[in-house]
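Survey of secondary and tertiary structure
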Amino acid sequence: MDDEADAPAGGPLITADRFVCIANDEHPRVVSCEGFGAAMLRGHTDVVISCDVSVDGSWIATGGKDQVIKVWSASTCELACTCSGHAGDATALSFSKRRPRTIRAASQQEQLSMTLVSASQDKTMKVWEIPSAKELEKVLGPGSTVKKSKVTVIAHSKEVNDVLVSPNNKLIASGGQDKLLRIWKFPEGDLLGECKGHRRGIWCVAFSPIDQVVASASGDATVRLWNLKDFRAIRSFQGHSSAVLRVAFLPNGMQLMTSSVDGLLKLWHIRTAECAGTFEEHSSKVWCIDLCGKRMVSGGADSKICVWRDTTEEMEKQRQDEKADLALKDSRIAMLVREGKVEAALTLALDLKRPGQMRQILLDHTMDTVGRSMFTGAKSETAPRSGSLESIESLPKKSSHKKRNKAKRAAEKVSKDSNGAKKDEMEDPKEEDTAIDLRRWVLSLNTEQLERLVDLLEQWNSNRRMAPLAQMMFAILLLSVPPSTLKTLEGMNATCRSVLSYATRHMARVDSLLQKTFLFDLILQSGSQGLATKDSEGSDTSVEALKRTMDVLLQDNEEGDEFEEEDEDEADEEASLEDAEEEAEEDDVPITSAPPKRRRTGRKDVQEQ
C-alpha cells in the first residue's frame, strides 16, 4: 500500500519524508509526511494493487488489475515507461536493491539499464529490463513501452503473492498461494531451492539486511525465518491470531515488524522469537508496512495511514538514565543509614520500592532496640543478682571462704563492665539523636506513601518469615494513624480481611509450636538422669516447670502438687548434704557417704544406688 526508499541529496524524491500510497482506486499518490499533501499518478485504468521504489528513490513502479506495469518519475510524477505482458493482475514488484557505494558508481548506474521483477496471478514471474535513467528522463510524459520481459518463469502452481530482490542483487524470493517460498537466481531466474513448512499461502517475503536468511509471512498466522544455505526453517514467530499479511526487517537486522488481519502490528526479537511490542493503532487489516531509516509507514483497510518513528535509542537512553538515578538513590539510602538518618532512609526506600532494604533497616532497628532494652532492664534491676556485692552479703554464713572470694571477684568484674558501659554511653551523645521512632516515621508519611506501605506489609504478612515484622509494623500503624485516615486508604477493607486471615494462620502455627515445646520440657524434666538444674539458692525451679508442663498437657493439678511437695523435701536434703560437704572440705574432716535417696520418676518410686 505504500513504499519508500533512501534518496541522494537534491530533488523531491521518495525518502523517509515522502512515500507512495496506493488505495482502492487506480490513482497512486505520492504523499508528504508533513501535512500529508499528495500528488496523483494518473495512467492506470483499474485498481492499483502493487508498487515499489528504486533504490535511489528516483523511480516508482506500480502494477494493477489492468495487468500493466508503469514506471514513474518520483520528482515530477510523470509517466516514464509502461511494461505489458502479464495475463493476470500484477500482484508484486521489486527493483534491484543494490546501492552504489560511491558517487562515481551512482553516476555510472544512471547510464545502465534498470531491472524490475514482477509477479502476477497468472502464476508467473517476469524480469524486465527497463531503459536507463538518462533515457527515461528524455521520454517523460508519454513514456516508453517495453513489450517483452527478459525472463519469464512459472514461479508457483498458484497465484504469486509477493516477490523481492535480495540486498546484494543475487537472489529473488517469491511466495505464493501454494504455501511455498522459492529462491531464484537474479537476474537469470534459475530456481535454487524452495522452503516448505507453512500450512497456508505466503503473503510476504523479506530478506535480512545483515544475514543470509529470509522471512516469510503466511496465512497460517505465523512468520518463519529460513536459512538460505539449506532452505530450512530456523525460527517461527507465533503471536498473531489471524493471517500475517506483511513482514519487514528493521535496519539493524535484529528485529522484525509484522502486520496482520487482526489489525495489530508486532515487533519481534529475532534471537529469542519473543514479541517485543504490540501496536494497536489500526482497527482493521493492515495491508502494508514499510520502513525507511527511523520511520515506518503502515496502511490498512480502516482507511488510515500511520507514520511511526523509531524511539529505541531515546528509550534506551531514558532507561540508562533511570538506572543511573536509581543506583544513585540506592547509594543515598546506605549513606543515610550510616549517617544515622534512618527515618529518611526508610522513606526513600519506600518511595523507590526497595522492600529488601526496608526489611534490613527495620530488622537492624528491632535488634538494636531489643539489645538496648535488655541492657537497660539489666541495669534497672534492684534485686540482688548472682555475682553482685549484695548477693555476696546474702550468702549463708556457712559458705566457704573460697566460694565467697570467687563470688567477690565475679562481682568486681561485673561492676567494672557496667562502669565501662556507662562511660561509653556518656561518650556517645549522638545515640539518642540517631534512634529511630517508628511511630513518628509513620505519621510523617503522606497518603500515597501510606498506601504503598500497607501494600508492602500485606505482602510481608503472607510470608511466614516476614510475618512477625509485618505484624509489628501493622501494630505501630494502627496505634499511630487515626482511623479516619486509614479509612481513606485505597483497598483498606480488602487488606484488613487478608491480614486477619493470615494472622489466624500464624497464631495457630505459634500455638502448635508452643504445645510442642511443653512436651519437650516434659521429656527433659522427667528423665531418669535428672537433667533439671537447681539455682544457687537451692530452690528447685524444675518442679515449677514440670508442674506447668503437666498442667498444660495433662490438666492434673493434684498430681502436680504431690510432685512439688516430694521434690521440695529432696531439695532440702540435697542442700544440707552440700553444706556438710563444704564444711568437711574446709576442716579436712572426712564424711560418711549420704544415705540413698528416693527420686520420683513418673508414678513409681526408684531407689537410687
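Provided above is the structure to which this section pertains.
Now for a look at the structure at hand. On a predicted model such as this, the values are computed, not experimentally measured, just so you know. (Residues numbered from 1 in each chain as written. Predicted model: local features only at pLDDT ≥ 70, side-chain atom pairs only at ≥ 80, totals over all residues. Heavy atoms only, no water.)

Here's the deal with the overall build of the protein chain
Applicable threshold: Numbered from the N terminus, helices here are DSSP runs of H or I no shorter than four residues, and strands are runs of E no shorter than two. The buried label goes to any residue with under 20% of its type's maximum accessible area, the exposed label to any with over 50%, and the partly exposed label to all in between, with areas taken from a 1.4 Å probe on protein chains only. The contact definition used throughout considers only heavy atoms, calling two residues in contact when any of these lie within 4.5 Å.
Counting its secondary structure elements, the protein chain contains 15 helices and 30 strands. When each of the 609 residues of the protein chain is scored for burial, the buried share is 40%. Excluding contacts between residues fewer than 6 apart, the proportion of contacts in the protein chain whose partners are at least 24 apart in sequence is 48%.

A short note on the pattern of salt bridges
To keep it simple, the criterion reads: The salt bridge criterion pairs a side-chain nitrogen of Lys or Arg with a carboxyl oxygen of Asp or Glu, the two atoms within 4 Å.
Here the structure, examined in full by the defined rule, presents 12 salt bridges. For E339, the salt bridge goes to K341, with nearest N and O atoms at 3.8 Å. Accessibility expressed as a relative area gives 42% for E339, which makes it partly exposed. Residues joined in a network through salt bridges with shared partners are R182, E194 and K196.

What about a nonpolar patch on the surface?
Keep this limit in mind: Candidate patch residues must exceed 30% relative accessible area and have no salt bridge, after which like charges are joined if within 9 Å and Val, Leu, Ile, Met, Phe, Trp or Tyr side chains if within 5 Å. Throughout, the Shrake-Rupley method with a 1.4 Å probe supplies accessible areas, and for residues the shown protein chains are the sole cover considered.
A cluster of nonpolar side chains, contributed by F36, I305 and V307, occupies part of the molecular surface with about 220 Å² of accessible area. For F36, the location among the structural elements is in the loop between β3 (29-32) and β4 (38-40). Residue F36 is classed as partly exposed on the basis of its relative accessible area, which comes to 43%.

Some details on unusual backbone geometry
Phi is mostly negative for residues that are not glycine, and the peptide bonds are mostly trans. The amide bond that connects F186 to the next residue, P187, takes the cis arrangement and shows omega of 0°. Relative to the assigned elements, P187 resides in the loop between β16 (181-185) and β17 (191-195). A positive phi angle, near 60°, is found at A273, a position not held by glycine. Structurally, A273 can be placed in the loop between β24 (265-269) and β25 (274-279).

Details of the environment of L522
Along the polypeptide, L522 turns up in helix α13 (residues 492-525). On the basis of relative accessible area, L522 is assigned to the buried category, the value being 18%. For the pair L522 and K547, spaced 25 residues apart in sequence, the C-alpha to C-alpha distance is 9.3 Å.

A short note on the packing of aromatic side chains
Ring pairs (aromatic) are described by centroid distance and by the angle formed between their planes. So the rule is basically this: Pairing of aromatic rings covers Phe, Tyr and Trp, the last through its six-membered ring, and needs centres within 6.5 Å; plane angles under 30 degrees mean stacked, over 60 mean edge-to-face, and all others mean tilted. Ring-over charges, as used throughout, are those where CZ of Arg or NZ of Lys falls within 6 Å of the ring centre and within 35 degrees of the ring normal.
Throughout the structure, instances matching the rule amount to 2 aromatic pairs. Here R505 stacks its cationic end above the ring of Y502, 4.9 Å away from the centre of that ring.

Looking at the sheet that holds strand β27 (residues 295-300)
The pairing of strands in a sheet comes from backbone hydrogen bonds and takes either a parallel or an antiparallel form. Rules: Being paired, for any two strands, means DSSP has found at least two bridges between them. Between N-to-C directions, angles span 0 to 180 degrees; the directions come from axes that are lines fitted to C-alpha atoms, helices contributing only their stretch in contact.
Read across the sheet, 3 strands follow the order β26-β27-β28 without closing on themselves; strand pairing throughout is antiparallel. Across the chains shown, the open sheet's two edge strands, defined by having one partner strand only, are β26 (286-292) and β28 (305-309). On average, each strand axis in the sheet is tilted by 15° relative to the strand beside it, whichever way the strands run. Both β27 and β28 contribute to a ladder of 5 bridges, which runs antiparallel. Along β28, the bridge assignment pairs M296 with W308.

Here we look at the packing of helix α4 (residues 342-351) against helix α10 (residues 447-461)
Selection criterion: Our angle categories are set so that under 35 degrees counts as roughly parallel, over 145 as roughly antiparallel, 65 to 115 as roughly perpendicular, and the remainder as oblique. Each residue is assigned to one of three groups, with Ala, Val, Leu, Ile, Met, Phe, Trp, Tyr, Cys and Pro labelled nonpolar, Asp, Glu, Lys and Arg labelled charged, and all others, Gly among them, labelled polar.
Where α4 contacts α10, the axes come no closer than 10 Å and their chain directions differ by 80°. When the axes of α4 and α10 are compared, the pair comes out roughly perpendicular. Across the interface between the two elements, T347, L350 and D351 of α4 pack against Q449, R452 and L453 of α10. A breakdown of the residues in the contact of α4 with α10 according to their chemical character gives 2 nonpolar, 2 polar and 2 charged.

Notes on the nonpolar core
The condition is simple: In this text, buried Ala, Val, Leu, Ile, Met, Phe, Trp, Tyr and Cys residues form a nonpolar core when linked through side-chain atoms within 4.5 Å.
Ranked by internal contacts, the top residues of the largest apolar core, which has 34 residues, are M358, W441, W460 and L477. At the level of secondary structure, the elements contributing two or more residues to this core comprise α3 (312-338), α4, α5 (355-379), α9 (438-443), α10, α11 (467-480) and α13. Each residue touching W441, except ones within four places of it in the same chain, is listed here: E343, L346, T347, L350, M358, L453 and M473.

As for the pairing of strand β23 (residues 255-260)
Regular strands place their side chains on alternate faces of the sheet. Where burial is concerned, most of β23 is hidden: 6 out of the 6 residues are buried. Across the two faces of β23 the burial is the same, with Q255, M257 and S259 and L256, T258 and S260 all buried. Both strand β22 (residues 244-249) and β23 contribute to a ladder of 5 bridges, which runs antiparallel. What sits directly across from V244, in β23, is S260. The turn joining β22 and β23, which pair antiparallel and follow one another in sequence, is formed by 5 residues; a positive phi near 75° is taken by G253. Note: β23 against β24, 5 bridges, orientation antiparallel. When the sheet's bridge partners are listed, L256 is paired in β24 with W268. Between the antiparallel neighbours β23 and β24 lie 4 residues, among them G263 with a positive phi of about 85°.

In short, geometric facts, not functional conclusions.
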